[in-house]
Each structure stands twice: as C-alpha cells, then as structure tokens.
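Listed below, chain by chain, are the residues.
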Amino acid sequence: MSKELRTVSGMRPTGPLHLGHYFGVLKNWVELQDREEAYFFVADWHALTSDYADPSRIRHNIAEMVKDWVGAGLDPEKCVIFRQSAVKEHGELSLLLSMITPVSWLERNPTYKEQQQQISNKDLGNAGFLCYPVLMAADILMYRPHGVPVGEDQLPHMELTREIARRFNYFYGDLFPEPQAMLTPAAKCPGLDGRKMSKSYNNGIFLSDDFAGIQEKVRGMFTDKARLRKSDPGNPDVCNLFPYHVLLSSPEEQAEIRRGCTSAQLGCVDCKKIFLKNLEAFLTPLHERRAALDARPGAVEEILAAGNEKARAFAMSTMALAREKMGL
Ligand code: TRP
C-alpha cells in the first residue's frame, strides 16, 4: 500500500450526526482517507458504557451512523469502516491494558469526573464507564497509528492513551507508538439557539434533515441578538448565523454579507436565505449518497462485514505481538 501513515478513529452510535460533527471531525476523516491508511469504527461497546440500561436504539443507531458517514463522503473502497464489537480483539487488548492502568489515572480523568457530576438521568457508577479510556486506548493502540482525528473534547483520553502506551512499552519493550490527536482547525458551529450544537439541547441541524425541516429550523435561528430591526446595523462577529457563512459561503459572499449587515442594508431574513441556499448545495450530495445506500438493501451490513474482516486481520497481528510481549 502506498499510504505510509496510519490513522484510526471512532464515534459512539448515540444518534444522528449534525453539522457540528461534520465540521468538527468528519470532514477531517473524509480528507484523511485519501492520504492515509484509515480505520473508522462505530464504538458500540463505548455506547454501552453509559446506555447499558436501555440498549434498544443501538442497532438502529449503528446503521444510521454508517449512513451518515458514507453520506458525508467516507468511501469503503478508500478506508476501513467497521464495528468495534465485531473485532473482539479490542476487548482482549482492553483487558490486557487494564492490568497496567492504575485506577487512580481513571478516577482522575477530567471527562470522567465531569460526566459523573453532570449526567443525572443515568447511573455512571459502573466499572465499564470508569474503564472507558482503557477500551479507547485499546481501540487506538490496536492499529499502532501515528495520529487520531478527534474533537477537542477527546484530548484527555488521548493523553491517557499515550500514558498507557508508554507504560506498556516500559514493562514489555517497544510495541506501541504514542499517537497524537489530529484536531480539525477550529470550526465554530453554534446551535440554533446559540449554545453548543448538541443532540441533548435539541438545537442541531442534522446531516439527514430534509429541507422542509431545515427551513423551519433556520427561520427560528438566533442571529445578532442586539439587532432588532433591519434598520439597525448588525455585527457578524457576535451573530450566531455568520459562523456558518464562514463555513459555507465563498470569501466574496462573506465580504458582501459583512458589508450588508454592518451597513443595515442586508436584513437577517435575506441573510438566512443565502445560508439556506448554500446549506442546500452542501447537503444535496450528502443526501444523494445516503439515498443510494438506502436504495440497496443490505448495503450497510455489507460495508461493515467487509470492514470488520480487514480490521480483524490487522488486529490479529497486533494481538500476536502484544500477547508475546506479555508472556502469554
Ligand atoms: N470517545 C469517542 C467519542 O466519544 C469515541 C471513541 C471510542 C474513539 N474509541 C475511540 C475515538 C478511539 C477515537 C479513537 O467520540
């Protein structure tokens, strides 16, 4: 294979992907598949660490996630798309890594403490949730990648992954390179209401939303809260919509919008029309690729079956080395 660098990443199948996922992470994945040997997986075991009490949506969410990915441009001919739980080696490596991971590292993990405090509708006192970063380290180290394209929120987990790799190499001799996080250059993607776009806030524009629904959402979208009438000059730098022009409009269009807004010539209603036009142009190819998958029964299963096979082949080679080093 002519691609010299290898990369791996995953997402938990917790629901449909929105623009924040696309511009924060997925766009990076799509670009990487051309340059690197890339493994992308649905982290269904990780979904269970918090949703263990009600797994009823998980099967549906897995298929939907694969459709969102392929819609966004991941190509199963260029990268390996697979399901974590189909490659049991992830479970074995996670177990082996848990032997050398101090519990204090896991308890100190900022993400762990934060979620324990913030999430009140689920009991996160289970061992699986505490060990989330060990499983994630196994997911990553399995493919011995140089980097991992993730969002900023995953940085504490990446740090732990490197610490676990270092400790393994120290005890048993070099096997795992210490992988770096590969962040997408900061893309600002506020939710419809100005808060962070998030499924739990119900303020997202989803990749699979139809245009009628999107029009409705955009109509109610916050802009510059201080601008009450069209005759008031607006400020794109505090506007909730303008970051989307930065992502979707041409530089000339952006300059024109800025000029029109600050001089009170372009109103928010017309500004939203430009946004809708560009959003539609952006989403149309995504919807077409998704529709092509929907039209082919068994397509998602086929993609996963082929990807699982390739991932397993790589995982088996790492496990042979890891077992050997650990005296098994
Ligand atoms: N923790 C990641 C998230 O919440 C999902 C994930 C699990 C992951 N294993 C991974 C990401 C390995 C990158 C690499 O999005």
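Parameters at a glance
- Residues numbered from 1 in each chain as written.
- Predicted model: local features only at pLDDT ≥ 70, side-chain atom pairs only at ≥ 80, totals over all residues.
- Heavy atoms only, no water.
- UniProt positions renumbered as here; feature names shortened; annotations may be inferred.
- Helix = DSSP H or I, 4+ residues; strand = E, 2+ residues; numbered from the N terminus.
- Buried < 20%, exposed > 50% of the residue type's maximum accessible area, 1.4 Å probe, protein only.
- Polar contact = N/O pair within 3.5 Å; in protein donor to acceptor, adjacent residues only side chain to side chain.
- Contact = heavy atoms within 4.5 Å.
- Expected span 1.5 Å × (residues − 1).
- Domains from an automatic or database assignment.
- Buried area = accessible area lost by both parts, 1.4 Å probe.
- Salt bridge = Lys/Arg side-chain N within 4 Å of Asp/Glu carboxyl O.
- Nonpolar A, V, L, I, M, F, W, Y, C, P; charged D, E, K, R; others polar.
- Pairing = 2+ DSSP bridges.
- Right-handed = clockwise from strand over helix to strand, strands pointing away.

An unreviewed UniProt entry lists the protein under the name Tryptophan--tRNA ligase, from Desulfovibrio porci. According to UniProt, the comment filed for the protein under the heading Sequence similarities (unreviewed entry) is "Belongs to the class-I aminoacyl-tRNA synthetase family." In its Catalytic activity (unreviewed entry) section, the UniProt record describing the protein reads: "tRNA(Trp) + L-tryptophan + ATP = L-tryptophyl-tRNA(Trp) + AMP + diphosphate + H(+)".

Colleague: Is there a simple way to think about the side chain of S9 in this case?
Modeller: Within the fold, S9 resides in strand 1 (residues 6-11). When its relative accessible area of 3% is taken as the criterion, S9 is described as buried. Of note is the side chain of S9, whose polar atom sits 2.8 Å from the backbone oxygen of P149. With near-sequence residues (within four places) excluded, S9 lies in contact with W29, Y39, F40, F41, V148, P149 and V150.

Colleague: What's the story with helix 3 (residues 58-72) in this structure? I'm lost.
Modeller: Each α-helix turn comprises 3.6 residues. Residues three or four places apart therefore point the same way. Look at helix 3: 21 Å from first C-alpha to last across 15 residues, which is about the 21 Å you get at 1.5 Å a residue. Regarding helix 3, the residues found buried are I58, N61, I62, E64, M65, V66, K67, D68, W69, V70, G71 and A72. G73 sits one or two positions beyond helix 3 and adopts a positive phi of about 120°.

Colleague: Hey, could you run me through the domain arrangement of the protein in this one?
Modeller: By convention, interface size is frequently given as the accessible area that disappears when the constituent parts associate. Splitting the protein by domain gives domain 1 (6-188 + 298-325) and domain 2 (211-290). The straight-line distance from the C-alpha centre of domain 1 to that of domain 2 is 35 Å. Contacts between domain 1 and domain 2 engage 12 residues on the former and 10 residues on the latter. When the two sides are added together, the surface that domain 1 and domain 2 hide from each other amounts to roughly 990 Å², 66% of it contributed by carbon and sulfur. At the surface where domain 1 touches domain 2, the tally comes to two salt bridges. We note a salt bridge from E64 to R290, for which the minimum N-O separation is 3.1 Å. Remark: the boundary between domain 1 and domain 2 carries four residue pairs in polar contact (both at pLDDT 80 or more). When contributions to the side of domain 1 that touches domain 2 are tallied by element, the ones reaching two or more residues are helix 1 (19-35) and helix 3. If you tally residues by element for the side of domain 1 that touches domain 2, the top one is helix 3, at six residues. By residue class, the composition of the side of domain 1 that touches domain 2 is six nonpolar, two polar and four charged.

Colleague: Looking at this structure, I do not really get the pairing of strand 2 (residues 37-42). What am I missing?
Modeller: Looking down a regular strand, the side chains alternate between one sheet face and the other. Extensive coverage of strand 2 is indicated by the burial of six of its six residues. Both faces of strand 2 are covered, namely the face carrying E37, Y39 and F41 and the face carrying A38, F40 and V42. Of the pairings in the sheet, the one linking strand 1 to strand 2 comprises six bridges and is parallel in character. Within strand 2, the position partnered with M11 by the bridge is V42. Of the crossover connections in this fold, the one passing from strand 1 over helix 1 to the parallel strand 2 is right-handed. As paired elements, strand 2 and strand 3 (residues 80-83) share four bridges and run parallel to each other. Bridge assignment links Y39 to a residue of strand 3, and that residue is V80.

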